[in-house]
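What follows is the residue order along each chain.
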Amino acid sequence: MTNRTQNAMWGGRFAAGPDAIMEAINASIGFDQRLHAQDIAGSRAHAAMLAAQGILTDKDAEAIGEGLLTVLSEIEAGNFTFSSALEDIHMNIEARLKELIGEPAGRLHTARSRNDQVATDFRLWVRDQADAAVAGLTALQRALLGQAEAGADWVMPGFTHLQTAQPVTWGHHMMAYVEMFARDRGRFADARARMNECPLGAAALAGTSFPIDRAATAAALGFDRAMANSLDAVSDRDFALEFLAAASITAMHLSRLAEELVIWSSAQFRFVALSDRFSTGSSIMPQKKNPDAAELIRAKVGRIMGANVALMMVMKGLPLAYSKDMQEDKEQVFDAADNLMLALAAMEGMVRDLVANRTALEAAASSGFSTATDLADWLVREAGLPFREAHHVTGALVALAEKKGCDLADLSIAEMAAAHPAITAEVYSVLGVHNSVASRQSYGGTAPDQVRAQIAAWRTRLG
């Protein structure tokens, strides 16, 4: 390949070459080379449309299309030399195309600008990442469904404030994350639908005087339609911001699950055992098995949400249409997308490998007066007490059990009746954790048959 770094692609406006510092701050090829496949796809669609409209000859369009495929193969084979002097992926590809096919390469940029070109490339790339995120979330949901199915009737403590609240089932807990990640999938799908409009043909900012067919290029690139305003088409990056917002919420959900895995895998809880594939050891303490993958997932939300804030700050003060500030739109999105996909893959692997400790879960569920609410509900339902009075009576019995160092079910009927004469031996039927979860039959409740119904519904949805 010949040396292309001295070819100034700006045209005749500038007499002197750029200073080295200006070249360094101006060049984006160090990161936007990731857009090469999208850039070539957009250029091939553009050339085909120009030929169909009689703006290019069929011969030139064919040469451009074949030449671009050659460039693509060179890049993918690692045989392409990127030049910072040529600034960006667009100029690097166009310069190499000129080397390959000569003068027709110069006709490719007819009726377009780098402004609509990069907006198109970036939309295509972010659209692909939204699809990848949906696929990653779906795989994670399937892993969670497997865990939920295995432990649909295993009891464990449900927590508020990380204090024992009421018994729930392991399956119910897993299904909570299935629902969270479903909403995340919906956010990416919604963002994808909104971003699926094509900027190509908006040119620099005002459209073009050439008789182009924007609907044809939009369809060729899989867009639903062409964007309706040329200023908007080149000047906004809300599609990237919406992707980052969805990624941030997803990362937050991943971080919450990661935090639980860190806590649950500790020696103090022993609720779960993580596989060796997603754990590390200590360099000094041989007994240690550290949940490093979960901890790193927990940290990813900082990078991803930081990218969202960074791009928002880039865009917040820009007048229409394009400003060079917008070159700073890509690195944050690239980094966030990479880290999101890594976190999703790691979490899916951890969940699939996870081994829940049914014995420890049930023992913990039975402690901490987790059936106190069941006792209060029984007093309302069977003894006719107002809930506030039932709450007070139950609180007194919890205090007694705590003083004696026993659980509610270990109190005698005489001790219970002393708190309220309406209490009979029937109360013991609601004080067991299995009876407690089985009674939660309301839609979305923790009862095993409710959990299994939700699992079945999700199996159908996910296919």
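Residues numbered from 1 in each chain as written. Predicted model: local features only at pLDDT ≥ 70, side-chain atom pairs only at ≥ 80, totals over all residues. Heavy atoms only, no water.

**Some points on the overall build of the protein chain**
Helix and strand content of the protein chain: 18 helices and six strands. Its C-alpha atoms put the protein chain at 100 × 55 × 40 Å along the principal axes. Burial statistics for the protein chain: of 463 residues in total, 49% are counted as buried. Relative to all contacts within the protein chain whose residues are 6 or more apart in sequence, the contacts with residues 24 or more apart total 76%. Put simply, the protein chain shows about 21200 Å² of open surface, and 54% of that area lies on carbon and sulfur atoms. On the protein chain, the mean spot of the 42 positive side-chain charges and the mean spot of the 55 negative ones are 1 Å from each other. (Helix = DSSP H or I, 4+ residues; strand = E, 2+ residues; numbered from the N terminus. Buried < 20%, exposed > 50% of the residue type's maximum accessible area, 1.4 Å probe, protein only. Contact = heavy atoms within 4.5 Å. Areas by Shrake-Rupley, 256 points an atom, 1.4 Å probe, with all protein chains shown as cover. Lys, Arg positive; Asp, Glu negative; His and termini not counted. Charge placed at Lys NZ, Arg CZ, Asp CG, Glu CD.)

**Notes on helix H10 (residues 238–264)**
Because the α-helix completes a turn every 3.6 residues, residues three or four places apart line up on one side. For H10, with 27 residues, the first-to-last C-alpha span of 39 Å sits near the 39 Å given by 1.5 Å per residue. Burial analysis of H10 places 20 of its 27 residues in the buried class, which makes it a mostly covered element. (Expected span 1.5 Å × (residues − 1).)

**A short note on the packing of helix H3 (residues 36–52) against helix H4 (residues 58–76)**
Running from amino to carboxyl end, H3 crosses H4 at an angle of 175°, the nearest separation of the two axes being 9 Å. It follows from the interaxial angle that H3 and H4 lie roughly antiparallel. Every residue of H4 that contacts H3 at His 36, Ala 37, Ile 40, Ser 43, Arg 44, Ala 47 and Ala 51 is listed here: Asp 58, Ala 61, Ile 64, Gly 65, Leu 68, Leu 69, Val 71, Leu 72, Ile 75 and Glu 76. Its residues placed into classes, the contact of H3 with H4 shows 11 nonpolar, three polar and three charged. (Axes fitted to C-alpha atoms, helices over the stretch in contact; angles between N-to-C directions. Parallel < 35°, antiparallel > 145°, perpendicular 65-115°, else oblique. Nonpolar A, V, L, I, M, F, W, Y, C, P; charged D, E, K, R; others polar.)

**A word on the environment of Ile 455**
Along the chain, Ile 455 turns up in helix H18 (residues 448–462). Residue classification places Ile 455 among the buried positions, given a relative accessible area of 3%. Residues Ile 455 and Leu 397, 58 residues apart in the sequence, show an inter-C-alpha distance of 37 Å. Apart from residues lying up to four places away in sequence, Ile 455 is in contact with Leu 145, Ala 148, Glu 149 and Met 175.

**Some remarks on the pairing of strand E1 (residues 155–160)**
The pairing of E1 with strand E2 (residues 163–169) spans six bridges and is classified as antiparallel. By the bridge assignment, Phe 159 is partnered in E2 with Thr 164. Between E1 and E2, which pair antiparallel one after the other, the connecting turn spans two residues, and His 161 there sits at a positive phi close to 60°. (Pairing = 2+ DSSP bridges.)

**Looking at the packing of aromatic side chains**
Enumeration over the complete set of coordinates arrives at 10 aromatic pairs. When the centroid spacing of 6.4 Å and the interplanar angle of 85° are considered together, the rings of Phe 122 and Phe 334 count as edge-to-face. Taken together, the residues Phe 122 in helix H6 (residues 114–150) and Phe 334 in helix H12 (residues 330–353) connect sequence positions 212 residues apart. For Phe 122, a relative accessible area of 0% corresponds to the buried category. For Phe 334, a relative accessible area of 3% translates into the label buried. Each residue in the set Phe 159, Trp 170, Trp 264, Phe 269 and Phe 271 is aromatic and connected to the rest through ring pairs, giving one cluster. Directly above the ring of Phe 223 sits Arg 127, whose terminal nitrogen or CZ lies 4.8 Å from the centroid. Over the ring of Phe 122 we find Lys 330; its NZ or CZ atom is 5.6 Å from the centre of that ring. (Phe/Tyr/Trp six-rings, centres within 6.5 Å; stacked < 30°, edge-to-face > 60°. Lys NZ or Arg CZ within 6 Å of the ring centre and 35° of its normal.)

**Overview of the pattern of salt bridges**
Within this structure, the stated rule accounts for 24 salt bridges. Taking the shortest distance from any N to any O, the salt bridge between Glu 74 and Arg 96 comes out at 2.7 Å. Taken together, the positions of Glu 74 in helix H4 and Arg 96 in helix H5 (residues 89–101) put the pair 22 residues apart, joining distant regions of the chain. A salt bridge links Arg 298 to Glu 259; its shortest N-O distance comes to 2.5 Å. Note that Arg 298 is positioned in helix H11 (residues 292–315) and Glu 259 in helix H10, a separation of 39 residues in sequence. Take Arg 298: its relative accessible area is 29%, and that puts it in the partly exposed class. Where salt bridges share partners, they join Glu 87, Asp 88, Arg 114 and Lys 324 into one cluster. (Salt bridge = Lys/Arg side-chain N within 4 Å of Asp/Glu carboxyl O.)

**Looking at the nonpolar core**
Residues Leu 144, Trp 170, Leu 254, Trp 264, Val 333 and Met 347 are the most contacted members of the largest nonpolar core, which totals 97 residues. Looking at this core, the element that brings in the most residues is H10, giving 15 residues. Beyond its immediate chain neighbours, meaning those up to four positions away, Val 333 contacts Phe 122, Trp 125, Val 126, Ala 240, Phe 243, Leu 244 and Leu 311. Membership of the second largest hydrophobic core comes to 20 residues, among which are Leu 379, Leu 385, Cys 406 and Leu 431. (Core = buried A, V, L, I, M, F, W, Y, C linked by side-chain atoms within 4.5 Å.)

**A short note on the confidence of the model for the protein chain**
On average, residues of the protein chain carry a pLDDT of 90, and 94% of them reach 70 or more. A low-confidence stretch, residues 1–7 stays under pLDDT 50, and its non-local contacts, those more than four residues away or across chains, total 17 contacts. (pLDDT = per-residue confidence, 0-100.)

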